[in-house]
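Architecture at a glance
In case you want the letters, here they are:
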Amino acid sequence: MAEVTMEEVTKIYGDDVTAVDKMNLDIPDGEFVVFVGPSGCGKSTALRMIAGLEDISGGKVFIGDRVVNDLPPRERDIAMVFQNYALYPHMNVRENMGFALKLRKMEKSQINNRVEEAARILSIEHFLDRKPKALSGGQRQRVALGRAIVREPKAFLMDEPLSNLDAKLRVQMRTEIAKLHNRIGTTTIYVTHDQTEAMTMADRIVVLKDGLVQQVATPQIMYDQPDNVFVAGFIGSPAMNFMRARLEKEGDAHVVVFGRTRIPIGREAMGGARDKGYDPESFTGKDVILGVRPEHIEDAGTEAAEAIGGADGSNTMEVEPQVIESMGSEKYLYFEVAGDQAAQLESLGDLTGDEGGNGASPDSGTSGEMMVARVAAESAAKEGQQMRLVIDGSKVQLFDPETEKAIF
């Protein structure tokens, strides 16, 4: 196992296409890091530069204490798992898994021991004599993982390895890969466009957009404290709701206002703004971007809404759900804000990169003002009937409309 470090790593295609721009990242030995972002953000290119499959235009890549910029892939002591499995169709599973070791001229008995141990870990010991065409997609992916395991590399590199699997199998394989990492502990860099995979598997997430790193953090910090509008909208499912609002002061307290809705902002949040270098007073009386996650909006008629407060109606809004999706344990309400509040909303979906399974509204793209609430299953909401929603004021987030960076 080894630490992987990227220092100012850059990839430029032609004269003016920058796929990765001065990427700095330190991945400690044994960490599971996920690169996530929309298509074309540079995540696979960054992985391929670490693997040696792409030339590096600038900067340095370290594996352990060795600069590997000019080393061919076979000398970097890494193992890569591809999206399409890349199995040899004329070889059986045992031969596929042991082929790289055979090229190293390892003893046959040692190859067999490693292959059988990896097969046991992955529960594919009964398939060792089958050809790839006789395996399901999930079994083929296990073989590809087993081929990587037997090499005992310094690092695993995985490029969207689950994207060809159906939804149920993807969930199962996510769990299998996480269990595998916990057991083996090898440094792993995993690329995906699916933020759910990133949130459930990673020790740390690296969010990229247009070749630039937007934020590096643990999944929980990424969810609770996104650095900017893009990260806030990309992480979380369904995606965060955004709207234009104003930050105002009432006595010694601050409130964020849109339409008739007034959400009190606690002193702790104001202190968090100062920690980020923002003076809350400088935004008083000015426009801000208000971010509210769907799970922080509740039907006022349910018991779940009582913990949020809003008895005085200040942090509530009147809506008419256009679409209601029942998920069994909860409901998703899709709506446009009613009355004079609608005039103050502004579509911000283009800032967040509508990818990664973030749960856009059912008619995504047809109405930039569509919002979503994730409410309790006992909600009696009905499509087309007016109702009241409560916003959890302790969970809202504000962003600078000029820089799109988080105020708190």
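Everything discussed here concerns the structure shown above.
Now for a look at the structure at hand.

Criteria and thresholds
Residues numbered from 1 in each chain as written. Predicted model: local features only at pLDDT ≥ 70, side-chain atom pairs only at ≥ 80, totals over all residues. Heavy atoms only, no water. Helix = DSSP H or I, 4+ residues; strand = E, 2+ residues; numbered from the N terminus. Contact = heavy atoms within 4.5 Å. Polar contact = N/O pair within 3.5 Å; in protein donor to acceptor, adjacent residues only side chain to side chain. Axes fitted to C-alpha atoms, helices over the stretch in contact; angles between N-to-C directions. Parallel < 35°, antiparallel > 145°, perpendicular 65-115°, else oblique. Left-handed = near helix turned anticlockwise from the far one by under 90°. Pairing = 2+ DSSP bridges. Salt bridge = Lys/Arg side-chain N within 4 Å of Asp/Glu carboxyl O. Buried < 20%, exposed > 50% of the residue type's maximum accessible area, 1.4 Å probe, protein only.

**Observations concerning the environment of Glu 330**
When you line up the elements, Glu 330 lands in strand S17 (residues 330–337). Setting aside its immediate chain neighbours within four residues, Glu 330 contacts Glu 325, Arg 374, Val 375, Ala 376 and Ala 377. Of the polar contacts made by the side chain of Glu 330, one reaches the side chain of Tyr 332; its length is 3.5 Å.

**A word on the packing of helix H4 (residues 137–149) against helix H5 (residues 167–184)**
Where H4 contacts H5, the axes come no closer than 11 Å and their chain directions differ by 20 degrees. The orientation of H4 with respect to H5, classified from their angle, is roughly parallel. As H4 runs across H5, the sense of the crossing is right-handed. Together, Gly 137, Gly 138, Gln 141, Arg 142, Leu 145 and Ile 149 of H4 and Leu 169, Gln 172, Met 173, Glu 176, Ile 177, Leu 180 and Ile 184 of H5 make up the contact between the two elements.

**Here we look at the sheet that holds strand S14 (residues 286–292)**
Note on sheets: strands pair through backbone hydrogen bonds, and any given pair is parallel or antiparallel. Strand order in this open sheet of five strands is S13-S12-S11-S14-S20, and the pairing throughout is antiparallel. The outermost strands of the open sheet, each flanked by one partner alone, are strand S13 (261–265) and strand S20 (397–399). Sheet twist, expressed as the average angle between the axes of neighbouring strands with direction ignored, equals 40 degrees.

**Some thoughts on unusual backbone geometry**
The bulk of non-glycine residues show a negative phi, and the bulk of peptide bonds are trans. Cis geometry is found at the peptide bond from Ser 237 to Pro 238, where omega equals -5 degrees. One non-glycine residue with positive phi stands out, namely Asp 77, at about 55 degrees. Position of Asp 77 relative to the elements: it lies in the loop between strand S5 (66–67) and strand S6 (78–81). The phi dihedral of Glu 160 falls on the positive side, at around 45 degrees, and the residue is not glycine.

**Section: the pattern of salt bridges**
Applying the stated criterion across every chain, the model contains 13 salt bridges. Among the ionic pairs, Arg 94 bridges to Glu 116, the shortest N-O distance being 3.3 Å. On the criterion of sequence distance, the pair formed by Arg 94 in helix H2 (residues 93–103) and Glu 116 in helix H3 (residues 108–122) is long-range, its members being 22 residues apart. When its relative accessible area of 40% is taken as the criterion, Glu 116 is described as partly exposed. The closest approach of N and O atoms between Glu 330 and Arg 374, which form a salt bridge, is 3.0 Å. Of this pair, Glu 330 sits in strand S17 while Arg 374 sits in strand S18 (residues 371–376); the two residues are 44 residues apart in sequence, bridging distant segments of the chain.

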